[in-house]
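Structural characterization, general
Here is what each chain is made of, one letter per residue.
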Amino acid sequence: MGSTLSREEIDGVLAPLEVAVPLGRRAHGDPGVFETEREALFERGWSCVARAEDVAGPGQRVVAGLTPAGVLVMRGSDLELRAFHNVCVHRAMPLADGPGRSDSLTCRYHGWSYDARGRLVRAPHAPACLRARAPGLSPVRVGVWRGFVFVSLAADAPPLAEALRDPPPWLDRAPLEALVRVHAREHVTRANWKLVVSNFQESHHFPAVHPALERLTPTARATSWGADGPWLGGIMQIEPPHTTVSLTGQRARRAISDAGVVYDALAFPGLLTSLQPDYLLTYRLWPLAVDATRVSFEILVHTESARGDHADLVDFWSQVNVEDREIVERQALGMASPGPEPAAYARADEGVHAFERLVARAHAEALA
Ligand code: FES
Ligand SMILES: [Fe+2]
């Protein structure tokens, strides 16, 4: 475990919003603080790595980049979903390079093979006693929630259902299992993961940073939801006569949520969701380094609308995502420079405060 925030930093965040002190330079730039968060929040938590559709058939697999070699998530011949460290038991060569489908996996180094259940089935030149010592790939915990596949690198992580307890009512109502991905894009934001989340947690940067978004969902009509985690959310009203958030502003797919409303929700620490009237956005975060965060962005629509043209969404959100990435990377420069520490939360930073309180509480637990 690395270092933690100090008692003073923790208490500063946990104070009431009017007098609270936001997380500052050390929280966003200290490698020890980063290590603590990656271990306590991400590695010991559950990370969304795929949709169930990605591993639907026997032998179907994906590789999630949560470790240098990755985590292999694979549907067995018995249709059981399993996850393993993507590392050969012979001498640690990474096994699969990416998604695929096959009955077995053969290591490219010396040809040891595994079946789709992760069992070692062929080990050329191996000693006779091997089967007892190395029965197969090393398992990782895996679970599915509402069509989303999660893994946890920690054997003692709380159950997935507990980590995702009390989801916001709008996600309960939405047909999440019936959604399919129509767009995916991944990039690395050169900023601490908390800056990426904080930016998602408030909308009062919309007028300056996202003029197109501000026209459709004005920040003046945004409200926060939830305060204690693990889910934090926000609700935005769509400005009539628009009916969805897109280039046209007009709903073009089967409805999956309430007309005229956008519901944002963060599943702490690293899954951001935005439920729109006719589609769902997800941003999956993974902290690569103290100043680098991988962001995997996806657009999902109802399976009945999957075949349509979704350029009205892809083009709109590509622009918004570029705007967010640029502004957060710019903020990271300030956070890494000498100068004043962040002084106060604005009243509209309620969602940022709620998020940083969850971070501060995690540090308080690590301190204890
Ligand atoms: S490391 Fe995989 S077969 Fe040798
Ligand atoms: Fe933004």
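Analysis parameters
- Residues numbered from 1 in each chain as written.
- Chains lettered and ligands numbered in written order.
- Predicted model: local features only at pLDDT ≥ 70, side-chain atom pairs only at ≥ 80, totals over all residues.
- Helix = DSSP H or I, 4+ residues; strand = E, 2+ residues; numbered from the N terminus.
- Rg over C-alpha atoms; globule rule 2.2 N^0.38 Å.
- Buried ≥ 20, exposed ≤ 12 C-beta atoms within 10 Å, placed from the backbone.
- Contact = placed C-beta atoms within 7 Å.
- Pairing = 2+ DSSP bridges.
- Arc of directions from axis to C-beta.
- Core = buried A, V, L, I, M, F, W, Y, C linked by C-beta atoms within 7 Å.
- Axes fitted to C-alpha atoms, helices over the stretch in contact; angles between N-to-C directions.
- Domains from an automatic or database assignment.
- Nonpolar A, V, L, I, M, F, W, Y, C, P; charged D, E, K, R; others polar.

1. Some words on the overall build of the chain
- In terms of regular secondary structure, the chain is built from 11 helices and 17 strands.
- Against the compact-globule benchmark of 21 Å for 368 residues, the chain has a radius of gyration of 22 Å, which places it among compact chains.
- C-alpha extents for the chain along the principal axes are approximately 70 × 50 × 35 Å.
- Taking all 368 residues of the chain together, the buried fraction comes to 39%.
- Counting contacts in the chain only where the partners sit at least 6 residues apart, residues at least 24 apart contribute 63% of the total.

2. Some details on the environment of Ala50
- Within the secondary structure, Ala50 is located in strand 1 (residues 47-51).
- Owing to 24 C-beta atoms within 10 Å, Ala50 belongs among the buried residues under this scheme.
- Each C-alpha atom, one on Ala50 and one on Phe150, is 7.2 Å from the other, the two residues being 100 residues apart in sequence.

3. Description of the pairing of strand 13 (residues 231-237)
- Pairing analysis gives four bridges linking strand 12 (residues 222-225) to strand 13, with the strands arranged antiparallel. Pairing of Trp225 across the sheet is with Gly233, part of strand 13.
- Here strand 12 folds back onto strand 13, and the loop between the two strands holds five residues, one of which, Gly226, carries a positive phi near 75°.
- As paired elements, strand 13 and strand 14 (residues 261-267) share seven bridges and run antiparallel to each other. By the bridge assignment, Trp231 is partnered in strand 14 with Ala267.

4. Overview of helix 1 (residues 7-14)
- Among all positions in helix 1, only Glu9, Ile10, Gly12 and Val13 are buried. Seen along its axis, helix 1 keeps its buried residues to an arc of 160°; they face one direction. Counted as exposed and oriented over 90 degrees from the buried face of helix 1: Arg7 and Glu8.

5. What to know about the nonpolar core
- Grouped together as the largest cluster of nonpolar side chains are 89 residues, with contacts concentrated most on Val49, Ala64, Val73, Val151, Val196 and Leu266.
- Excluding its chain neighbours within four sequence positions, the residues that come into contact with Val196 are Thr189, Ala191, Leu285, Thr293, Val295 and Val328.

6. Considering the sheet that holds strand 4 (residues 81-85)
- Spatially, 1-10-9-4-3-2-5 is the arrangement adopted by the seven strands of the open sheet, whose pairing is antiparallel. For this open sheet the edge positions go to strand 1 and strand 5 (100-101), each flanked by a neighbour on one side alone.
- Sheet topology note: the strand 9 (residues 139-145)/strand 10 (residues 148-152) ladder contains five bridges and is antiparallel. Residue Trp145 lies in a different strand from strand 10, and its bridge partner there is Phe148.

7. Regarding the sheet that holds strand 6 (residues 104-106)
- A sheet is described by the order of its strands in space; here three strands give the open sequence 6-7-8, paired in antiparallel fashion. The sheet is open, and its two borders are formed by strand 6 and strand 8 (120-122), each paired with just one other strand. On average, each strand axis in the sheet is inclined to that of its neighbour by 35°, with strand direction left out of account.
- Where strand 6 and strand 7 (residues 113-115) come together, three bridges link them in antiparallel fashion.

8. Overview of the domain arrangement of the chain
- Once the domains are mapped, the chain shows domain 1 (7-43 + 166-367) and domain 2 (47-157).
- Each of domain 1 and domain 2 has a C-alpha centre, and these two points are 31 Å apart.
- Taken together, the contact between domain 1 and domain 2 spans 11 residues of the former and 10 residues of the latter.
- Looking at the side of domain 1 that touches domain 2, the element that brings in the most residues is strand 11 (residues 179-189), giving three residues.
- For the side of domain 1 that touches domain 2, a count of residues per class yields six nonpolar, one polar and four charged.

9. A short note on the environment of Gly308
- Here Gly308 is to be found in the loop between strand 17 (292-302) and helix 10 (311-335).
- A C-alpha to C-alpha distance of 26 Å links Gly308 and Val62, two positions 246 residues apart in sequence.
- Those residues in contact with Gly308, other than ones at most four positions away along the chain, are Ala252 and Arg253.

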